[in-house]
Amino acid sequence: MSGDSDYTRTSPSAGSPSDNEFLPDRPKYVCSLSPDLITKAREELQEKPEWRLRDVQALRDMVCKDYPSLGTCLDDAFLLRFLRARKFDYDRALQLLVNYHTCRRSWPEVFNNLKPSAIKPVLESGFVTVLPHRDPEGRHIVCIRPDRWTPSTYPITENIRAIYLTLEKLIQSEETQVNGIVILADYKGVSLSKASHFGPFVAKKVIGILQDGFPIRIKAVNIINEPRIFKGIFAIIKPFLKEKIANRFFLHGCDLNSLHQNIPPVILPEEYGGTSGKLDISAWNELLLASEEDFLHDFSQLVLPCDSSPHDVLVSGDADEKQCDDSLRGMKPQLYYCY
């Protein structure tokens, strides 16, 4: 780990008056990255430890100047997530931060009353969990199993809430901010009726969050046991995917050997031909549920003042919903054909 100078360097604006001087005291940032991860962050994310706090201050100044009513947390550690996700490009990091808040405020069904206890039924179903071991690149594996969801019990938005909270918990780790995550989605047993809940309107919002509205690096999406219907699902998703993300999708079918080329068996559960024992969702559920107070504290800092509204909306309302509903009507014949 670098010396103390990496974490206490005064920002360029510290000697001159700014709006930030009148903000409450913020927690002092202390880097938790190992020497190897500091090197990796420098090479892959353009993060220079000796400039880190200067870069954070630059982003903070941009927020205060361009979005004074954004209602965001301005702590060093929080802003670093956005800088790392956009390789320390100030403008792109700022836009990601704005998108993060816009997404949260434009979909109340997902983000109102967002806390682990509110999505406990989803966690208990095993719809989403995180495998206990990281891959050789230091990335957590987020395991999603749509067959565990019964649509009659709760709407699809509850699943999205559970995934979002899982990502929020993971991104608290600086190691994850640097290494990113891998998604393993098991589509075994996904029927046409279940797939119809994931129309273009929902797809656009979810993809908008994951690509442009959340500070996490998705390094690979591994699809296993996908039925024929998945061709229709992917046809809905693909128009909203950037080329870089689309190229990170790997469709393995029932071929576990193919999956093992991307995720080694030693970290996979027996259900996927691995050697790490049965898939256990209890440890992750307990960790997430135990974080309730932390989430309530963190989310309390993300409050939109009643007289303001951020611009550059990423996901807009009725017009997009009507357009996506029209697209869904056009997609349904394709879903039936694939099924």
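Residues numbered from 1 in each chain as written. Predicted model: local features only at pLDDT ≥ 70, side-chain atom pairs only at ≥ 80, totals over all residues. Heavy atoms only, no water.

Naming follows an unreviewed UniProt entry, where the protein appears as TTPAL protein of Alectura lathami.

Enquirer: Can you explain the overall build of the protein? Please cite residues and give values.
Expert: Check the secondary structure of the protein and you find 17 helices and five strands. Counting across all 339 residues of the protein, residues that qualify as buried make up 53%. Long-range pairs, those at least 24 residues apart, make up 79% of the contacts in the protein between residues at least 6 apart in sequence. Taken as a whole, the protein presents about 16,000 Å² of accessible surface, with 52% of it coming from carbon and sulfur. (Helix = DSSP H or I, 4+ residues; strand = E, 2+ residues; numbered from the N terminus. Buried < 20%, exposed > 50% of the residue type's maximum accessible area, 1.4 Å probe, protein only. Contact = heavy atoms within 4.5 Å. Areas by Shrake-Rupley, 256 points an atom, 1.4 Å probe, with all protein chains shown as cover.)

Enquirer: Which residues make up the nonpolar core, and what values do they have?
Expert: One finds Phe78, Trp107, Ile181, Phe198, Phe214, Ile233 and Leu241 to be the most contacted residues of the largest nonpolar core, which totals 87 residues. Domain assignment of the residues forming this core places at least three in each of domain 1 (35-106) and domain 2 (112-295). Leaving out residues up to four positions away in the same chain, Trp107 has contacts with Thr157, Ile160, Val202, Lys205, Val206 and Ile209. Counting 13 residues, the second largest nonpolar core, distinct from the first, contains Cys143, Val182, Ile267 and Tyr272. (Core = buried A, V, L, I, M, F, W, Y, C linked by side-chain atoms within 4.5 Å. Domains from an automatic or database assignment.)

Enquirer: Could you give an account of unusual backbone geometry, naming the residues involved and the relevant values?
Expert: A positive phi is found at Lys87, a non-glycine position, where the angle reads about 50°. Structurally, Lys87 can be placed in the loop between helix H4 (76-85) and helix H5 (90-106). For Lys87, a relative accessible area of 42% puts it in the partly exposed group.

Enquirer: Give me the lowdown on the packing of helix H3 (residues 52-66) against H5, citing residues and values where you can.
Expert: With their axes 10 Å apart at the nearest point, H3 and H5 run at an angle of 55° to one another. Judged by the angle between their axes, H3 and H5 are oblique. Crossing of H3 against H5: the hand is right-handed. Between H3 and H5, the residues in contact are Arg54, Asp55, Ala58, Leu59, Met62, Val63 and Asp66 and Tyr90, Asp91, Ala93, Leu94 and Leu97, respectively. Taken together, the residues that form the contact of H3 with H5 break down as eight nonpolar, no polar and four charged. (Axes fitted to C-alpha atoms, helices over the stretch in contact; angles between N-to-C directions. Parallel < 35°, antiparallel > 145°, perpendicular 65-115°, else oblique. Left-handed = near helix turned anticlockwise from the far one by under 90°. Nonpolar A, V, L, I, M, F, W, Y, C, P; charged D, E, K, R; others polar.)

Enquirer: How would you summarise the confidence of the model for the protein if you had to cite specific residues and measurements?
Expert: Keep in mind that low pLDDT regions are not for reading the predicted coordinates in detail. Averaged over the protein, the pLDDT score is 85; the fraction of residues at 70 or greater is 82%. Here residues 1-22 scores under 50 on pLDDT; set against residues more than four positions off or in separate chains, the count is 37 contacts. Here residues 305-339 is a poorly scored stretch, pLDDT under 50, and it has 54 contacts once near neighbours within four places are set aside; other chains count. (pLDDT = per-residue confidence, 0-100.)

Enquirer: Account for empty space enclosed by the protein, with residues named and values stated.
Expert: Considering all chains together, one arrives at one cavity of 30 Å³ or more under this definition. Estimated volume of the largest cavity: approximately 730 Å³. Lining the largest cavity are 32 residues, and of these Ile144, Ile163, Tyr187, Phe198 and Val206 lie nearest its centre. At the level of elements, strand S2 (140-144), helix H8 (156-170), strand S3 (181-186), helix H10 (192-195), helix H11 (200-212), strand S4 (218-224) and helix H12 (229-237) are the ones that each hand at least two residues to the lining of the largest cavity. (1 Å grid on protein atoms, 1.4 Å probe; cavity = no way out; pocket = protein on both sides within 12 Å on 5 of 7 lines; lining within 4 Å. Points joined across faces, edges and corners; volume = space filled by probe spheres on them.)

Enquirer: Run through the sheet that holds strand S1 (residues 128-130), naming residues and quoting values.
Expert: Spatially, five strands are ordered S1-S2-S3-S4-S5 in an open sheet, and the strand pairing comes out mixed. Of all strands in the sheet, those bounded by a partner on one side alone are S1 and strand S5 (249-251). For this sheet, the mean angle separating the axes of adjacent strands, direction not counted, is 20°. In this structure, S2 lies alongside S3, joined through five bridges in parallel fashion. Paired with His140 across the two strands is Ile181, which belongs to S3. (Pairing = 2+ DSSP bridges.)

Enquirer: Outline the pairing of S4, listing residues and values.
Expert: Extensive coverage of S4 is indicated by the burial of six of its seven residues. Relative to S4, S3 runs parallel, the two being bridged by six bridges. From the neighbouring strand, Asp186 faces S4, where its bridge partner is Ile224.

Enquirer: Explain H11 to me, and be specific about the residues and the numbers.
Expert: The first and last C-alpha atoms of H11 sit 17 Å apart over 13 residues, in line with the 18 Å expected at 1.5 Å per residue. For H11, a buried count of 11 out of 13 residues is recorded, marking the element as mostly surrounded by other parts of the structure. Along H11, the residues that are buried comprise Pro200, Phe201, Val202, Ala203, Lys205, Val206, Ile207, Gly208, Ile209, Gln211 and Asp212. (Expected span 1.5 Å × (residues − 1).)

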